[in-house]
Each structure stands twice: as C-alpha cells, then as structure tokens.
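Residue strings, one per chain:
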Amino acid sequence: MAIQQTMGKREWVLLIVLSVLWGGSFLFVGVAVRELPTLTIVLVRVGLAAVVLWSVIAFGRKTLPRQPSVWLAFLGMGLLNNVIPFGLIVWGQHAIGAGLASILNATTPMFTVLVAGLLLGDERLSGRKIIGVALGFAGVVMMIGIDALSGLGRELLSQLAVLGAALSYACAGVFGRRFRAYGVDPVVTAAGQVSASCIILLPLTLWLETPFSLPLPSTTTLAALVALALLSTAVAYILYFHILAKAGATNVLLVTFLTPVSAILLGTLILGDHLTPVHLAGMVMIGLGLTVIDGRLTGRFLRQ
C-alpha cells in the first residue's frame, strides 16, 4: 500500500511533537554525561524504553508477529537506527564540536531523499524535494551558526563518521517501511527495535565500560535517564514508526531539521539561553524548506 506523499495535519503535529521529544534528548544527555560514560547511557536509554514499551504491549494485549523475518527485521532496524548511528556520532564527537556534528547530522533528509528515491517507488526523487531539503539544510546551518563550519575539513574521519550516521538513519527510514507491509503495530515495532539494540549493546557495554563498577549516579542524573528513555525514546519511537508507516521515510526524517529548532527553544525556555535574530531567520528558512517539500502551498501558488 502506497504512503501519503503529502502529510496531513495529524502527521505534521506528530512530527513537531517528535522533534520536541528528540530536541529534549540533548538536555537529558547533557545532564547524564556528567556522571556516566556513553555506551552506558545508550544502553540504559534503550533498556528502560524496552521495559516501558513491552509493558504497554502487555497491558494493551497487542498482537505480536510470529514470522521469523519480522524479528530479524527488528534486529536490522536496531542496528541501522540505534547502534550504528549512536556509535558513529559518539566516536565522531570526540574530535569535532557539537555544532558541526549537528549540521552534518542534518544531512539525514538529503540522504533519505536519495536512498528513498532510488529504492522506493512511491517516494521518487523530485526537484521540489531537492529544493526543499536544500532550504531546510541552509536553515539549520544558519541557526546553529556558520562558525560551526570553520572546522570542516579537519578531523576528516570524525566528520565522515557523523555523515555515516546520517546515512544510517536514512537507510533505517527506508528499511523500516517494511513493518507497514508486515502489519506490525508501531508500539510493537518500537519495542522490537530497542530490544534488538539492547541485545547488541549489552555485551559491548559490559566489556568496554563495566557499568556495574561505576558509583551510583545522582538523583538528577537518574531523572534525566528516565526522561530520556520514557519520552525521547519510548514515546518518540512510537510516533516515529506511526509517521513512517503513514507518510514514508522522506517525510518522517524531516524531523532532523526540526530537532535543532526544538532544542534551541527548549534551551531558551528551560535554561535561559538567548534566542537571537539569526536563530529566528534559520527557523523561517527551515519552515520554508518544509513548506516546499510538503508541496501544497507552493502548488497553489504555481497554479495561480
């Protein structure tokens, strides 16, 4: 069954909520990294999310898939959407700043337009999509700050790692389309993905970071981990897979443009960060790019 080429109001609202949840993850991770190593944070994040999601499934008595192919697909989704990109981004950020990493990560919709255009018959590449993605990316660069690009070219392997993470997210969006054909509930898909991620991450984390030997983190850090797992992972992935099933990979990964907007707005509201005219201009540019990709307003304008 073909997806909606143009998102409806419900999907746009869910996409904005998803961007807020993922934008908030920057705040929660910022608290957690003060006391805990990277893989431990990621493992706790997906582990707690798995517990929450399986509890929802049990309470709602949702049907679980029986085909082995679906469970293998959960493993593939966990690799492409969690383990590989999380690992590449963390490795890359040892050498490059968060601003440049955010800009490189915002190439995800560009990769998605290309990958989906090549592999999915109902998400073909078009000039409108290319223009919209270019405008959105320009808005991200403007909002985060052109100075963040000053390090471009140095630490090339680290930058390629973050670009590799963006490509992995794009491939995950395309790969995840199969769950609609399988008829799997978004909650079950989300649970399967994070559970597969746990299986992969658990031995790596125990080997590399020995988390059980670490001191007990503070209440603030524990609260941040719970929020990261519950809001930015469990709830977020339910929304992600719902939008993916309805509107496709290209549309759902537009959230990469909106996430920096949400992160900056949350920082302004919660942390007292200063919102500058450049931030506002970047947000307008992102909005323009999303409008072009959506196509309805631009289509009406061209018909006039």
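Bear in mind that the values here come from a model prediction, so they are computed numbers and not experimental data.

## Some points on the overall build of the chain
Turning to step 1, where the next piece is worked out: Of regular secondary structure, the chain possesses 13 helices and zero strands.
Turning to step 2, where the next piece is worked out: When the elements of the chain are put in sequence order from the N terminus, they spell out α-α-α-α-α-α-α-α-α-α-α-α-α.
Turning to step 3, where the next piece is worked out: A burial count over the chain gives 50% of its 304 residues as buried.
Turning to step 4, where the next piece is worked out: Within the chain, counting contacts between residues at least 6 apart in sequence, those at least 24 apart form 88% of the total.

## Digging into the environment of Gly164
Turning to step 1, where the next piece is worked out: Structurally, Gly164 is set in helix 7 (residues 156–175).
Turning to step 2, where the next piece is worked out: For Gly164, a relative accessible area of 26% corresponds to the partly exposed category.
Turning to step 3, where the next piece is worked out: For the pair Gly164 and Thr108, spaced 56 residues apart in sequence, the C-alpha to C-alpha distance is 9.5 Å.

## Here we look at the pattern of salt bridges
Turning to step 1, where the next piece is worked out: All told, the structure shown has one salt bridge when counted by the stated rule.
Turning to step 2, where the next piece is worked out: Here Asp185 ties to Lys62 by a salt bridge, and the two come within 3.5 Å at their closest N and O atoms. A residue pair is termed long-range when its members are at least 10 positions apart, and Asp185 in the loop between helix 8 (178–182) and helix 9 (186–209) and Lys62 in the loop between helix 2 (38–60) and helix 3 (68–92) qualify at 123 residues.
Turning to step 3, where the next piece is worked out: Taking the relative accessible area as the measure of exposure, Asp185 reaches 27% and is therefore partly exposed.

## A look at empty space enclosed by the protein
The method is simple in principle: a probe with the dimensions of a water molecule rolls over the atoms, and the space it marks as empty is what remains.
Turning to step 1, where the next piece is worked out: The full count for this structure, using the stated rule, is two cavities of 30 Å³ or more.
Turning to step 2, where the next piece is worked out: Taken as a whole, the second largest cavity holds about 60 Å³ of empty space.
Turning to step 3, where the next piece is worked out: Every residue along the wall of the second largest cavity is listed here: Gly176, Phe179, Arg180, Val184, Pro186, Thr189, Phe241, Leu244 and Ala245.
Turning to step 4, where the next piece is worked out: Listing elements by their share of the lining of the second largest cavity, those giving two or more residues are helix 8, helix 9 and helix 10 (219–252).
Turning to step 5, where the next piece is worked out: If one sorts the elements of the lining of the second largest cavity by residue count, helix 10 sits on top with three residues.

## Comments concerning unusual backbone geometry
Turning to step 1, where the next piece is worked out: The backbone of Arg61 shows a phi angle near 50 degrees, a positive value even though the residue is not glycine.
Turning to step 2, where the next piece is worked out: Here Arg61 shows up in the loop between helix 2 and helix 3.
Turning to step 3, where the next piece is worked out: Among the residues examined, Arg61 registers a relative accessible area of 76% and is labelled exposed.
Turning to step 4, where the next piece is worked out: A positive phi angle is found at Thr210, which is not glycine, with a value near 35 degrees.
Turning to step 5, where the next piece is worked out: Structurally, Thr210 is set in the loop between helix 9 and helix 10.
Turning to step 6, where the next piece is worked out: Under the relative-accessibility criterion, Thr210 is labelled partly exposed at 42%.

## Considering the side chain of Ser168
Turning to step 1, where the next piece is worked out: Topologically, Ser168 is positioned in helix 7.
Turning to step 2, where the next piece is worked out: Among the residues examined, Ser168 registers a relative accessible area of 5% and is labelled buried.
Turning to step 3, where the next piece is worked out: For Ser168, the residues in contact, after removing those within four places along its chain, are Leu79, Leu80, Ile84 and Pro85.

## Description of the confidence of the model for the chain
Turning to step 1, where the next piece is worked out: The predicted model of the chain averages 83 in pLDDT, with 89% of residues at 70 or higher.
Turning to step 2, where the next piece is worked out: Counting interchain partners and residues more than four positions distant, the pLDDT-below-50 stretch residues 300–304 has zero contacts.

## Remarks on the layout of surface pockets
Turning to step 1, where the next piece is worked out: Considered as a void within the structure, the second largest pocket measures approximately 210 Å³ in volume.
Turning to step 2, where the next piece is worked out: Elements supplying a minimum of two residues to the lining of the second largest pocket: helix 2, helix 3 and helix 9.
Turning to step 3, where the next piece is worked out: Broken down by element, the lining of the second largest pocket gets its largest block of residues, five residues, from helix 3.
Turning to step 4, where the next piece is worked out: Of the residues that constitute the lining of the second largest pocket, the class distribution is nine nonpolar, three polar and one charged.

## Observations concerning the nonpolar core
Turning to step 1, where the next piece is worked out: Among the nonpolar cores identified, the biggest contains 66 residues, and Leu15, Leu18, Phe179, Tyr240, Phe241, Ile243 and Ile286 are the most heavily contacted of them.
Turning to step 2, where the next piece is worked out: With 11 residues, helix 10 is the largest single contributor of residues to this core.
Turning to step 3, where the next piece is worked out: In this view, Phe241 contacts Met77, Phe179, Pro186, Thr189, Ala190 and Gln193; residues no more than four positions away in its chain are not counted.
Turning to step 4, where the next piece is worked out: In terms of nonpolar packing, the next biggest core, distinct from the first, is built from five residues, Ala32, Ile41, Leu225 and Leu228 among them.

## Points about the packing of aromatic side chains
We describe a pair of aromatic rings using the distance from one ring centre to the other and the angle between the two ring planes.
Turning to step 1, where the next piece is worked out: Applying the stated criterion to the full structure yields 10 aromatic pairs.
Turning to step 2, where the next piece is worked out: Arranged with centres 5.3 Å apart and planes meeting at 20 degrees, the rings of Phe74 and Phe179 form a pair that is stacked. A residue pair is termed long-range when its members are at least 10 positions apart, and Phe74 in helix 3 and Phe179 in helix 8 qualify at 105 residues.
Turning to step 3, where the next piece is worked out: You can call Phe74 buried: its relative accessible area is 1%.
Turning to step 4, where the next piece is worked out: The class for Phe179 is buried, based on a relative accessible area of 3%.
Turning to step 5, where the next piece is worked out: Relative to Phe241, the ring of Phe179 lies with its centre 6.2 Å away and its plane at 85 degrees, an arrangement referred to as edge-to-face.

Cut-offs used in this document
Residues numbered from 1 in each chain as written. Predicted model: local features only at pLDDT ≥ 70, side-chain atom pairs only at ≥ 80, totals over all residues. Heavy atoms only, no water. Helix = DSSP H or I, 4+ residues; strand = E, 2+ residues; numbered from the N terminus. Buried < 20%, exposed > 50% of the residue type's maximum accessible area, 1.4 Å probe, protein only. Contact = heavy atoms within 4.5 Å. Salt bridge = Lys/Arg side-chain N within 4 Å of Asp/Glu carboxyl O. 1 Å grid on protein atoms, 1.4 Å probe; cavity = no way out; pocket = protein on both sides within 12 Å on 5 of 7 lines; lining within 4 Å. Points joined across faces, edges and corners; volume = space filled by probe spheres on them. pLDDT = per-residue confidence, 0-100. Nonpolar A, V, L, I, M, F, W, Y, C, P; charged D, E, K, R; others polar. Core = buried A, V, L, I, M, F, W, Y, C linked by side-chain atoms within 4.5 Å. Phe/Tyr/Trp six-rings, centres within 6.5 Å; stacked < 30°, edge-to-face > 60°.

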